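Analysis of the macromolecular model
Listed below are the residues making up each chain.
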Amino acid sequence: MKKLLQMLFQRVVIVGLLILLQIAILVVMVLRFDDYFVYFYAVCIAISLFSVLYIISNKENPAYKIAWIIPIMLVPFFGGLFYLLFGGQHLSQHEYKKMHKISEHSKAALVHPQPVMEKLQALDNTAALQSNYIYRMAYSPPYEHTSTEFLPMGEVKFQRMLEELRKAEHYIFLEYFIIQEGKMWNSILEILEQKVQQGLDVRVMYDDLGCIRTLPDDYARRLEEKGIQCCVFNRFIPVLSLRFNNRNHRKICVIDGHTGFTGGINLADEYINEYPKHGHWKDCAILLRGDAVWSLTVMFLSMWDYIRDVEEDYSQFQPNVYLHNRVESDGFVQPFTDTPLDDEAVGETVYMNLVSRAKRYVYINTPYLILSYEMNKALCTAAKCGIDVRIVTPHVPDKWYVHPVTRAYYAELVESGVKIYEYTPGFIHAKTFVVDDEYGVVGTINLDYRSLYLHFECAAWLYRCSCIADLREDYLKTLEVCEQITVEACRKTPWLVRLGRSILKVFAPLM
């Protein structure tokens, strides 16, 4: 009984019930005013019609358009209203203007990388073109004088993060999609509390929807009482709104401006295999030290200032303020962010540039494989040209309704020569690309529509860094415990399962 009551009073349950109540009230109002039903119906049909025309004419991904047009046309009475509530990809106009102002401040803080770009272009024009795209579209410059360390498991990242946090002398910035009380977060929190007592500037930021089932509603206040400054991104309120769509999916840790972490690992115990939530959890991260950490710092501060509605002097947080001996160069490192505030799918284009320009191989880890037509075509074309394209996905799903969609893409890819593997020990949450022993990407960007089009994301693009060899070695080691998906296995899939996957695939952009 006690467990039942605890479950019923969880915030996610209360919010869900309040939203259902609003839907019920809307339905009752429609039925109650049946004398005006004809007029109301005509208005709803008009809304649906204009919604479809708007969807057709806008710049959204064609698959995203189809996923909305079908339900609107099937249920025109509520379809248009539903699209108005949940179909938008952007924040409100007020929030957009506020974020745009902060973004301009961030751009000014990130200096033009002309000397680095000239050196990169002289070394490899293909790499320079990819880097230039990231700089121009994401305003994220490439850097030298940065060391890189690939962290192949959550457990490894956890220990390295604790080590670096203990060394902090000036400030700590943490920005994560999910934080959950347990061994991982409690160990980190203990250090944060100590650092606050020592006078450090400690800030924590998390996504409200990401933590709706893992943290109490007043957790930010609890941290503030400990002296830890805390911000919550996009508060999840029980009101029907398109605000639900845009989440902060980034994972960033910055220490004293010169040491930073990013990757797929949230601050919760399943990421370090403290308990088998979905079998063995495979994830990874990257540790950066040196100049490139500046971009991670600016990402954090821009989001922090947006939420707090302040404008800080970023220069006091630059890497060289507290790191007086410059780090030796280890290739080229380019941390970048992807935002839903523009019409540029930076993350997807970075991935497609890597695939289309590969000469020998492309190795990919992704927890979700929900591809746009363009990305699917790029992968198939690369494989048909003789590029060794391999993709590892989970064998044990974390979302039952998403995994069938991932498998719905297998047949066409495998028939084109792409090698698909499922991670049989459990769930793989890593988001990595490694290409030709020269390029790598480690970050938060999944191969699905939400990551590529709706969320705030981040990653590090790497060129000729020493850690790229570690990415490749870890990938090949992971393949040893994976099951390869064959053409025969795809063809033996029962027709009813294929039908279900096809239906889900149509609505994949909305998942």
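Quantities reported herein were computed from a predicted structural model and do not represent experimental measurements.

Criteria and cut-off values
- Residues numbered from 1 in each chain as written.
- Predicted model: local features only at pLDDT ≥ 70, side-chain atom pairs only at ≥ 80, totals over all residues.
- Heavy atoms only, no water.
- Helix = DSSP H or I, 4+ residues; strand = E, 2+ residues; numbered from the N terminus.
- Buried < 20%, exposed > 50% of the residue type's maximum accessible area, 1.4 Å probe, protein only.
- Areas by Shrake-Rupley, 256 points an atom, 1.4 Å probe, with all protein chains shown as cover.
- Pairing = 2+ DSSP bridges.
- Axes fitted to C-alpha atoms, helices over the stretch in contact; angles between N-to-C directions.
- Contact = heavy atoms within 4.5 Å.
- Salt bridge = Lys/Arg side-chain N within 4 Å of Asp/Glu carboxyl O.

Attention now goes to the overall build of the protein. Broken down by element type, the protein carries 21 helices and 17 strands. Here the protein holds 511 residues, and 56% of them are scored as buried. Entry remark: accessible area of the protein is about 22,500 Å², with carbon and sulfur atoms responsible for 59%.

In this section: the sheet that holds strand 17 (residues 482-485). Reading across from one edge, 9-16-15-14-10-11-12-17 is the order of the 8 strands in this open sheet, with mixed pairing throughout. Unpaired on one side and paired on the other, strand 9 (332-338) and strand 17 mark the two borders of the sheet. The mean inter-strand angle of the sheet, taken between neighbouring strand axes irrespective of direction, is 20 degrees. Most of the contacts of helix 15 (residues 373-384) go to strand 11 (residues 388-394), to which it runs at about 130 degrees, and overall it touches strand 10 (361-365), strand 11 and strand 14 (432-435).

Strands belonging to one sheet form pairs held by backbone hydrogen bonds; the direction of such a pair is parallel or antiparallel. The 7 strands are arranged 1-8-6-5-2-3-4 in an open sheet whose pairing can be described as mixed. Because the sheet does not close on itself, it has two edges, and the strands there are strand 1 (146-151) and strand 4 (229-233). The sheet shows a mean angle of 10 degrees between the axes of neighbouring strands, taken without regard to direction. Taken together, the 4 bridges between strand 2 (residues 171-176) and strand 5 (residues 252-255) define a ladder with antiparallel strand orientation. Considered in strand 5, the bridge of Ile 172 is made with Ile 255. Sheet strands touched by helix 19 (residues 467-479): strand 1 and strand 8 (285-290). Its angle to strand 1, the strand with the most contacts, is close to 10 degrees.

In the structure shown here, the tally under the stated rule is 29 salt bridges. Across the salt bridge formed by Arg 247 and Asp 207, the nearest N and O atoms sit 3.1 Å from each other. Of this pair, Arg 247 sits in the loop between strand 4 and strand 5 while Asp 207 sits in strand 3 (residues 201-207), and the two are 40 residues apart along the sequence. Arg 247 gets classed as buried once you look at its relative accessible area, which sits at 2%. Accessibility expressed as a relative area gives 0% for Asp 207, which makes it buried. In this structure, the salt-bridge partner of Asp 218 is Arg 221, at a minimum N-O distance of 2.6 Å. With relative accessibility at 26%, the residue Asp 218 sits in the partly exposed group. Several salt bridges converge on common partners, so that one network encompasses Glu 149, Arg 160, Glu 163, Glu 164, Lys 167 and Arg 289.

Function cannot be inferred from these measures alone, as they are strictly geometric.
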